[in-house]
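# Reading the structure
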Amino acid sequence: MASLSSGSSHGSQRDALAHPGTVHRVEEGLHNINQKTDYELGVVPGGRTRRQMMWDRFRGRNRRKIGWGESARNVLFSSMLNVFLIFIPFAWVSHWAWDDKILTFVLSFLSIIPLSKLFDFGGEQMALYTGKDLGDLIIVTLNNAVEATLAIILLSECQLRTLQATVVGVVLLHLLLVPGTGFLTGGRHIYEQSLHPRYTQLNNTLLAIGVLSLLVPAAFFAALDSGSNAQSTLTSDAMRKQLLQMSRGIAVMLLLVYIASRIFLHNPPGDGNAFRPMSSAPTEVHREEEHLAQEEPKVKVWFCVLMLLATIAVMATTAEMLVEALEHIRSNEMLASDEWFGLILLPLVSFSADGTIAIMYFIRRVLFLAPEPPKTLAEDRAIDLSIQFTLFWMPFFVIISWLTGKPFMLLFDLYEVAVLLGASFLVNYVTADSKTNWAEGYIMVTFYFMIALCTWFYSGQAIIETLLESCVIGDHSPEGDPLGEAAAVAEEVVGDVVDDLSRRLVRLM
C-alpha cells in the first residue's frame, strides 16, 4: 500500500510538472530566488563594482560599435513622423519673413510632432545605456520637455494666467487622456493589466500631495472672500505679497518631496539596490531589465546626447513661435475662452505625437490591417509625467518667477483645482489595486472630455486674473525685504569674486 501511495504521489508530481503553467511558475520562483540571492550576497559578475558596471554600460563597452553615420540614419528613420521635420524651416520662414500668424501656428504645430517623437526615441535609446530605473526617469523628463518649454516661454512672456491653466491642463492630460488611451488600447485582448505595486502606492501619495498643495492656497483665499470690502482687500499688494510668500514656501517643500521620492525609488534601503530593480519586484520588471541589457542600441550614446540637446534648442525656438501665433488667434476671439486655450488646447500640443500614432493605429484597425498596438500606449508612464510636472516643474516655475520678479503663485482658479482634485481621485481609485482594464481606460478618457466640454464655456475667475495681471511685483526693490536684501548682497559678493578671478586669469596669461 505504501509503495502504491508513493507511486501515485510521484505520478501526480510528474503530472503537475508536466503542466505548462506549473513549469512557468517554478521557473519564475527559481528566477526570483536567484535574484534575491544575488542581492543578499552582493554578487557582481567579473568582480567589478556596481559603479564600474554602470559606467561600462553607459559607454557601451560590451556592445556593438555604432558609427556616427549609422546613428544619424537610425534617428532619421526611427519613425514615419520624421517626415514632418520638413515643416520646421517653413515654420521659421513663415514667422520671420512671411509674418503669417495662422500659417505659422499650423506649421509650428506640425513641426512639434516629430520633435516630440524624437524625445521618445532618444529616451528609449538612453535607457539601453543606463538601465530601466534611470532610463524611466530620463524618458519621463524628456517627455515633459515640450510642456516645460511652453511653460517657460509663457513665463518669460509674463502670461501668468495662461501658465497656470497650462500647468493644470498638462497634469490633466497625463492623468486622464494619455494613460486612459493606453489602458483602453492595451487592454483590448486581455481581462486586466498589471501595474508595479511599489510604484503605484507611492505615486498615489505623491499625486495627492501635489494636488493638495494647490487646494490649501485656494481654501485659504476662499475663506477670506467675505464682506463688502473683500474685493479691494484680496487684490491688494499686501495680499499678493502674502500669497507669493506662501507659494514660494510650498514650492521649496514640493521640490524636497520630489527629491526624497526619487531617492527612495532609485536608491531604496538596502545594499546594492541603487538604480536596479529590487529582488521583490515583479518578474516582468526583471525581464525588462534583462531585455534592455541585451538589446543592441541603434544610436551611439554621445550622438544621442547631442541629438537630444539639439532637439531641445529647436523645440524651444519653434514653441516660442507657436505661442506667439496662438496669441494672434486669441486676440481675434477664435476660441470660446482663454481658459480653454490654456487648459485644453496648449497641452494637447505636447500630445500631438502620441495622438497621431493612436489615430493612425485605429485607422489601420478599421482597414483590417491588424497592426500591433504601439508600445507607448500600453504603459502607465504618463502618470509619472503628471507627478514630475506637479512636484518638480510647477515649483520650479515658482522659483524662476521669484528670481525674475514675476508674481507667479500657487493660487489657482477654483474650477481648475476642483477638476484636478477630481482627476486625482479617479486615477488613485483606478490604480489602487495595481490593475487596470480597458473599461477603466474608457472612463478616464470620458472624464477628460467632460472637463474639456465644460471648460469651453468657462471664462475663469476675475479676481485671480486681477492678482496676476501685473507682470512686475509691486515694490520689487530689495529695500525692506530681507530676502531681497540677501539676494542683493549675494549678487554683490558674486560680482566681486568674478572680478577677482578675472584679474587673476589676466595676470596668469
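Quantities reported herein were computed from a predicted structural model and do not represent experimental measurements.

### A closer look at the overall build of the chain
Per the secondary structure count, the chain includes 21 helices and two strands. When the 509 residues of the chain are sorted by exposure, 45% land in the buried category. Restricting to contacts in the chain with at least 6 residues of sequence separation, those with at least 24 account for 83%. By element, 64% of the accessible surface of the chain is carried by carbon and sulfur atoms, the whole surface being about 26,100 Å².

### Overview of helix α6 (residues 101–130)
With 30 residues, α6 ought to run about 44 Å at 1.5 Å a step, and its terminal C-alpha atoms sit 42 Å apart, in line with that. Judged by how many residues are buried, α6 sits mostly within the fold: 23 of 30 residues are covered. Looking at where α6 begins, the residue whose side-chain oxygen comes 3.4 Å from the main-chain nitrogen of Ile-102 is Asp-100. At the exit of α6 stands Gly-131, carrying a positive phi of roughly 100 degrees.

### With respect to the packing of aromatic side chains
According to the stated counting rule, one finds 16 aromatic pairs in the structure shown. Geometrically, the ring pair formed by Tyr-258 and Phe-392 is tilted, given 5.8 Å between the ring centres and 40 degrees between the ring planes. One end of the pair, Tyr-258, is in helix α12 (residues 237–266); the other, Phe-392, is in helix α17 (residues 381–404), with 134 residues separating them in the sequence. Residue Tyr-258 is classed as buried on the basis of its relative accessible area of 7%. Between Phe-392 and Phe-396, the ring centres sit 6.0 Å apart and the planes meet at 10 degrees, which makes this aromatic pair stacked. One end of the pair, Phe-392, and the other, Phe-396, are both in helix α17, four residues apart, so they sit about a helical turn from each other. In textbook terms, an aromatic cluster arises when at least three aromatic residues are bridged by ring pairs, as seen for Tyr-258, Phe-389, Phe-392, Trp-393, Phe-396 and Phe-397.

### Re the nonpolar core
Grouped together as the largest cluster of nonpolar side chains are 104 residues, with contacts concentrated most on Leu-172, Leu-175, Leu-176, Phe-221 and Phe-412. At 13 residues, helix α9 (residues 160–186) tops the list of elements feeding residues into this core. Setting aside residues no more than four positions away along its own chain, Leu-175 makes contact with Leu-207, Ile-383, Ser-386, Leu-420, Ala-423, Ser-424, Val-427 and Met-444.

### Regarding the confidence of the model for the chain
Looking at the chain, the pLDDT average stands at 77 and 69% of residues meet or exceed 70. This stretch, residues 1–20, has a pLDDT under 50; its non-local contacts, to residues over four places away or in other chains, come to four contacts. Considering only residues more than four positions removed or in separate chains, one finds that residues 373–378, a stretch of pLDDT under 50, has 15 contacts.

### A closer look at the environment of Arg-330
Tracing the sequence through the fold places Arg-330 in helix α14 (residues 301–331). Overall, Arg-330 belongs to the buried group, its relative accessible area being 16%. Spatially, the C-alpha atoms of Arg-330 and Phe-341 are 8.1 Å apart, while their sequence positions differ by eleven residues.

### Some words on the packing of helix α4 (residues 68–76) against α14
In the contact formed by α4 and α14, the axes pass within 10 Å of each other and the chain directions differ by 50 degrees. Regarding the angle of α4 to α14, the classification is oblique. Note that α4 runs across α14; the crossing there is right-handed. Together, Trp-68, Ser-71, Ala-72 and Val-75 of α4 and Trp-302, Phe-303, Leu-306 and Met-307 of α14 make up the contact between the two elements.

### As for a nonpolar patch on the surface
Residues Trp-55, Trp-68, Trp-302, Leu-306, Leu-309 and Ile-312 make up a contiguous nonpolar surface patch of about 660 Å² in total accessible area. Among the elements that take part in the nonpolar patch, α14 stands out by supplying four residues, more than any other. Here Ile-312 is to be found in helix α14. Among the residues examined, Ile-312 registers a relative accessible area of 37% and is labelled partly exposed.

### Digging into helix α19 (residues 438–456)
Spanning 19 residues, α19 covers 27 Å between terminal C-alpha atoms, matching the ideal 27 Å at 1.5 Å per step. Listed as buried for α19 are Gly-441, Met-444, Val-445, Tyr-448, Ile-451, Ala-452 and Thr-455. End-on, the buried residues of α19 take up no more than an arc of 115 degrees, which puts them together on one face. By the N-cap criterion, in which a side-chain oxygen at the helix start approaches the backbone nitrogen of a residue two or three places on, α19 is capped by Asn-437, the distance to Ala-439 being 3.1 Å.

### So, the packing of α6 against α14
Their axes nearest at 8 Å, the elements α6 and α14 cross at an angle of 155 degrees. Between α6 and α14, the angle falls in the class roughly antiparallel. By crossing handedness, the relation of α6 to α14 is classed as left-handed. For the contact of α6 with α14, the class distribution of residues is 23 nonpolar, nine polar and one charged.

### Comments concerning the pattern of salt bridges
Taken as a whole and assessed by the stated rule, the structure comprises six salt bridges. For the salt bridge of Lys-101 with Asp-99, the shortest nitrogen-to-oxygen distance reads 3.8 Å. With a relative accessible area of 24%, Lys-101 lands in the partly exposed category. The class for Asp-99 is exposed, based on a relative accessible area of 52%. The partner of Arg-161 in a salt bridge is Glu-416, and the shortest N-O contact between them spans 2.7 Å. Here the residue Arg-161 occupies a position in helix α9, and Glu-416 occupies one in helix α18 (residues 414–431), the gap between them amounting to 255 residues. Overall, Arg-161 belongs to the buried group, its relative accessible area being 12%. Connected through shared salt-bridge partners, Arg-161, Glu-339, Asp-413 and Glu-416 make up one network.

### Thoughts on the environment of Leu-118
Following the sequence through the fold, Leu-118 ends up in helix α6. Overall, the relative accessible area of 8% leaves Leu-118 in the buried class. As a C-alpha pair, Leu-118 and Ser-78 span 40 residues in sequence and 8.3 Å in three-dimensional space. If we ignore the near neighbours within four places in the chain, the residues touching Leu-118 are Val-75, Ser-78, Asn-82, Leu-85, Met-307, Leu-308 and Thr-311.

### Section: the environment of Ser-194
With respect to the helices, strands and loops of the structure, Ser-194 is situated in strand β1 (residues 193–194). Along the backbone, Ser-194 and Lys-435 are 241 residues apart, and their C-alpha atoms lie at a distance of 4.5 Å. Dropping the residues within four chain positions of it, Ser-194 is found in contact with Ser-434 and Lys-435.

Cut-offs used in this document
Every chain is numbered on its own, with residues counted from 1 as its sequence reads. Side-chain atom pairs in this predicted model are given and counted only at pLDDT of 80 or more, local residue features only at pLDDT of at least 70, and totals for whole chains, interfaces and linings cover all residues. Processing note: side-chain calculations cover all non-hydrogen atoms of the structure and skip hydrogens and water entirely. In this description a helix means any DSSP run of H or I spanning at least four residues, a strand means any run of E spanning at least two, and both kinds are numbered starting from the N terminus. Each residue is assigned to one of three classes by its accessible area relative to the maximum for its type, calculated with a 1.4 Å probe on protein chains only: buried under 20%, partly exposed between the two thresholds, exposed over 50%. What makes two residues a contact is simply this: any of their non-hydrogen atoms within 4.5 Å. Accessible areas in this description were obtained via Shrake-Rupley with a 1.4 Å probe; residue shielding takes into account the shown protein chains only. For a helix, the expected span equals 1.5 Å multiplied by the number of residues minus one. Counting of polar contacts relies on pairs of N or O atoms within 3.5 Å, with two restrictions inside protein: one atom must be capable of donating a hydrogen and the other of accepting it, and residues adjacent in sequence are counted only when both atoms are side-chain atoms. Only Phe, Tyr and Trp rings are paired, with Trp represented by its six-membered ring, and only when their centres lie within 6.5 Å; those with planes under 30 degrees apart are stacked, over 60 edge-to-face, the remainder tilted. The set of buried Ala, Val, Leu, Ile, Met, Phe, Trp, Tyr and Cys residues whose side-chain atoms join them within 4.5 Å is what this entry labels a nonpolar core. pLDDT expresses, on a scale from 0 to 100, how confident the predictor is about each individual residue. Structural elements are reduced to axes, namely lines fitted to C-alpha atoms, with helices fitted over the stretch in contact, and the angle between N-to-C directions of any two is expressed from 0 to 180 degrees. Roughly parallel means an angle under 35 degrees; roughly antiparallel means over 145; roughly perpendicular covers 65 to 115; every other angle is labelled oblique. Crossings are classed by handedness, with left-handed meaning an anticlockwise turn of the near helix from the far one by less than a right angle and right-handed meaning a clockwise turn. Exposure above 30% relative accessible area and no salt bridge define the residues that can form patches, which grow by joining like charges within 9 Å and nonpolar side chains of Val, Leu, Ile, Met, Phe, Trp and Tyr within 5 Å. We define a salt bridge as a contact between a side-chain nitrogen of Lys or Arg and a carboxyl oxygen of Asp or Glu at a distance within 4 Å. The directions from the helix axis to the C-beta atoms are what the arc is built from. Each residue gets one label: Ala, Val, Leu, Ile, Met, Phe, Trp, Tyr, Cys and Pro are nonpolar, Asp, Glu, Lys and Arg are charged, and the others, such as Gly, are polar.

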